[in-house]
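Summary of structural features
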Amino acid sequence: QLINILYNVVDRMYIGRIPGQGSLPLTGLGLCMPLISVIIAFANLFGTGGAPLCSIARGKGDLQGAERILGNAFTMLLFTGILLTLLGLFFKKPLLYAFGASDATYPYADSYLSVYLLGTLFVMMGLGMNSYINAQGFARIGMLTTLIGAVLNLLLDPLFLFVFHMGIRGAAIATVISQAASVALCMIHLMGKGNVFTVEWRKIRFHGDMLREIIHNGLPSGVQNSVIGFANVIVQSQINSFGKLAMAAYGTHAKIEGFAFLPITSFNMASTTFISQNLGARQYDRAKKGARFSILSAMLLAETIGVFCYVFAPKLIGLFDQNPGVIELGVRQARTVSLFFCLLAFSHAVAAVCRGAGKAFVPMCVMLAVWCLLRITYIIAVMKLTNEIGYIYWAYPLTWSISSVIYLIYYLCCDWVHGFDKKTEKKAA
């Protein structure tokens, strides 16, 4: 996960240092993030939607069923990647202006997004298929495919930006080439021998029943991420009203927060796979122990990083943007939210447990109600009362706290362990 974040972090570090451009390229990149988030959400739809089902099938010893799930996910990633590329290229201009682009920032956003959209298929296949490598227990292979792409991106970025002088478009080209290399390595592994289940071209097709299961399991997560992405667009539109410095600071802090999210994401991925396999094999006590361990580990690590971000906020923001105004606002946001990272970790960790147990609908409802509707309502209300950017920053700790209370009640009081058994009994009936 650390390697995966390097794609965007390296882009930002280099883009922020393009000679004579100031903060405009970084602002343009920030405008692209909502659309990029939608692409990632669709990749997760078929990745996180199918990978737990593969893990369950593996726990039951049904390897043929696992291969059918993998084949359907691959087909849908291919189809959806092409569709999103076409839609993105057609609607990018009105969408970027809707996200707050101005005549000054639009050319930078358009230059980056036009190239990135051409690589949509690589992004989706890389993220989606990597989930199935991890579902088989080959976490090191998944890491290496991402590592090679990240190193390639690290080498290509300065080449395109400072040697060929291609500007922000060069950063997008470097990212697409790197993602394509990762996908190639990922598919070589998934099509090779020695896997628990593999991708075979002759078996790639749609199976209605299997596709419904993947979408049923993955759609709540996809909808959740998409709508939260939309909520973040509303938040960013409010941030944009405070000017270019606020926009650049908000985007820069998002990258730093991404590092704090690393332990959460890492333990969540492992937790979902671990719980799915053990529930598939009816090892209920082991699944409970794994859930407790992943939740506590994610919270402790996230809070440790949160304290680090609080103390070293000025230096961390300064890595991406040297403008004193950007640093001031970025530090203010960091020192508002960073000590609450443990609550962010808890919410995501319990959501991962729910997804591993086949209860993906639960985190979707909680996130939509709290992280979307409540967050937007709060921000709109306080902005009408006072035009103070600090209240926007407080929207995050507030909603993380409320969602954590709801998740704690669900985790302690509801029977998430026997969710798959009940579904199997329903099918049998």
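Note on numbering: residues in each chain are counted from 1, in written sequence order. The predicted nature of this model means local features are confined to residues of pLDDT at least 70 and side-chain atom pairs, given and counted, to a pLDDT of 80 or more, with totals for whole chains, interfaces and linings taken over all residues. Remark: hydrogens and water are excluded; side-chain values derive from all non-hydrogen atoms of the structure.

Right, let's talk about the overall build of the protein chain for a bit. Going along the chain from the N terminus, every DSSP run of H or I of four or more residues is numbered as a helix, and every run of E of two or more is numbered as a strand. Helix and strand content of the protein chain: 18 helices and zero strands. Radius of gyration means the value over C-alpha atoms here, while the globule rule gives 2.2 Å times the residue count to the 0.38 power. For the protein chain, the C-alpha radius of gyration of 21 Å lies close to 22 Å, the compact-globule estimate for 429 residues. Projected onto the principal axes, the alpha-carbon positions of the protein chain cover approximately 65 × 45 × 35 Å. By the burial criterion, 55% of the 429 residues in the protein chain qualify as buried. In this description, contact between two residues means that some pair of their heavy atoms is separated by no more than 4.5 Å. Sequence separation of 24 or more characterises 82% of the internal contacts of the protein chain that already satisfy a separation of 6 or more. For accessible areas, the Shrake-Rupley method is used with a probe of radius 1.4 Å. Any residue's cover is judged against the shown protein chains and nothing else. About 18300 Å² of surface is accessible on the protein chain, with carbon and sulfur atoms providing 69% of the total. Buried means the residue's accessible area, taken with a 1.4 Å probe over protein chains only, is under 20% of the maximum for its type, while exposed means over 50%, and partly exposed covers the values in between.

By the element assignment, Ala298 lies in helix α11 (residues 284-311). Considering only alpha carbons, one finds Ala298 and Phe267, 31 residues apart in sequence, at a separation of 6.3 Å. For Ala298, the residues in contact, after removing those within four places along its chain, are Pro263, Ile264, Phe267 and Ala345.

Moving on, we come to empty space enclosed by the protein. Think of a 1 Å grid over the protein atoms and nothing else: a 1.4 Å probe that fits but is trapped marks a cavity, an open set flanked by protein within 12 Å on at least five of seven lines marks a pocket, and residues with an atom within 4 Å of a point count as lining. Grid points are joined across faces, edges and corners, and a volume is the space filled by probe spheres set on the points. Considering all chains together, one arrives at one cavity of 30 Å³ or more under this definition. Considering only enclosed or pocket space, the largest cavity measures out at about 30 Å³ in volume. Mapped by element, the contributors of at least two residues to the lining of the largest cavity are α2 (24-60) and α9 (244-260). When residues of the lining of the largest cavity are assigned to their parent elements, the largest contribution, three residues, is made by α2. Put simply, Ala, Val, Leu, Ile, Met, Phe, Trp, Tyr, Cys and Pro go in the nonpolar bin, Asp, Glu, Lys and Arg in the charged bin, and everything else, Gly too, in the polar bin. Its residues placed into classes, the lining of the largest cavity shows two nonpolar, four polar and no charged.

The next subject is the nonpolar core. We call a set of buried residues a nonpolar core when its members are Ala, Val, Leu, Ile, Met, Phe, Trp, Tyr or Cys and they connect through side-chain atoms within 4.5 Å of each other. Ranked by size, the top nonpolar core spans 58 residues in total, and within it Ile239, Phe341 and Trp416 carry the most contacts. Contacts of Ile239, omitting those with residues within four sequence positions, involve Ala246, Met247, Tyr250, Ile389, Ile392 and Tyr393. Membership of the second largest hydrophobic core comes to 57 residues, among which are Leu70, Leu96, Ile133 and Ile168.

Moving on, we get to the environment of Phe341. You can see Phe341 is positioned in helix α14 (residues 341-356). A sequence separation of 34 residues divides Phe341 from Val307, and the C-alpha atoms of the two residues are 9.0 Å apart. Sequence-distant contacts of Phe341, that is, excluding residues within four places in its chain, are made with Glu257, Ala260, Ala302, Glu303, Gly306, Cys309 and Trp400.

Over its 25 residues, helix α15 (residues 361-385) extends 35 Å from the first C-alpha to the last, a length consistent with the 36 Å expected when each residue adds 1.5 Å. A bend of about 30 degrees at Met367 is the largest found in α15. Given the number of residues in a helix, its expected span is that number minus one, multiplied by 1.5 Å. Across the chain, bend at a residue is computed as the angle between axes fitted to the seven residues ending at that point and the seven starting from it.

Attention now goes to a nonpolar patch on the surface. On the surface, Val307, Phe308, Tyr310, Val311, Phe312 and Leu339 cluster together into a nonpolar patch covering about 500 Å² of accessible area. If you trace the backbone, Phe312 turns up in the loop between α11 and α12 (313-318). A patch consists of residues exposed above 30% relative accessible area that lack any salt bridge, with like charges linked at up to 9 Å and nonpolar side chains (Val, Leu, Ile, Met, Phe, Trp, Tyr) linked at up to 5 Å. Whenever Lys or Arg places a side-chain nitrogen within 4 Å of a carboxyl oxygen from Asp or Glu, that contact is recorded as a salt bridge.

Turning our eyes to something else, we now look at the confidence of the model for the protein chain. pLDDT expresses how confident the predictor is about each individual residue, on a scale running from 0 to 100. Confidence in the prediction of the protein chain, expressed as mean pLDDT, is 83, and 92% of residues score 70 or more. When pLDDT is averaged over each helix and strand of the protein chain, the minimum, 57, is found for helix α18 (residues 419-428) and the maximum, 93, for helix α17 (residues 395-413).

Now for the packing of aromatic side chains. Between rings of Phe, Tyr and Trp, where Trp is taken as its six-membered ring, a pair exists when centres lie within 6.5 Å; planes separated by under 30 degrees are stacked, by over 60 edge-to-face, and by other angles tilted. This structure, assessed with the given rule, holds 11 aromatic pairs. An angle of 65 degrees between the planes, with centres 5.9 Å apart, marks the rings of Tyr14 and Phe162 as edge-to-face. A residue pair is termed long-range when its members are at least 10 positions apart, and Tyr14 in helix α1 (residues 2-15) and Phe162 in helix α6 (residues 139-163) qualify at 148 residues. What makes Phe162 partly exposed here is its relative accessible area of 28%. A ring pair is formed by Tyr97 and Tyr106, whose centres lie 5.0 Å apart and whose planes are at 15 degrees; its orientation type is stacked. Given a relative accessible area of 33%, Tyr97 falls into the partly exposed group. Among the aromatic residues, ring-to-ring pairing joins Phe341, Tyr396 and Trp400 into one connected group. Counted as over-ring charges are cases with an Arg CZ or a Lys NZ within 6 Å of the ring centre that also lie within 35 degrees of the ring normal. Over the aromatic face of Tyr310 sits the side chain of Arg335, whose NZ or CZ is 5.4 Å from the ring centroid.

The subject of this paragraph is the state of the cysteines. Our working definition of a disulfide is a cysteine sulfur pair at a distance within 2.5 Å. Taken as a whole, this structure holds zero disulfides when the rule is applied. You can see Cys309 has no disulfide; the closest cysteine sulfur is in Cys342, sitting 13 Å from it. Here Cys309 falls in the buried class, since its relative accessible area comes to 7%. Cys342 gets classed as buried once you look at its relative accessible area, which sits at 19%.

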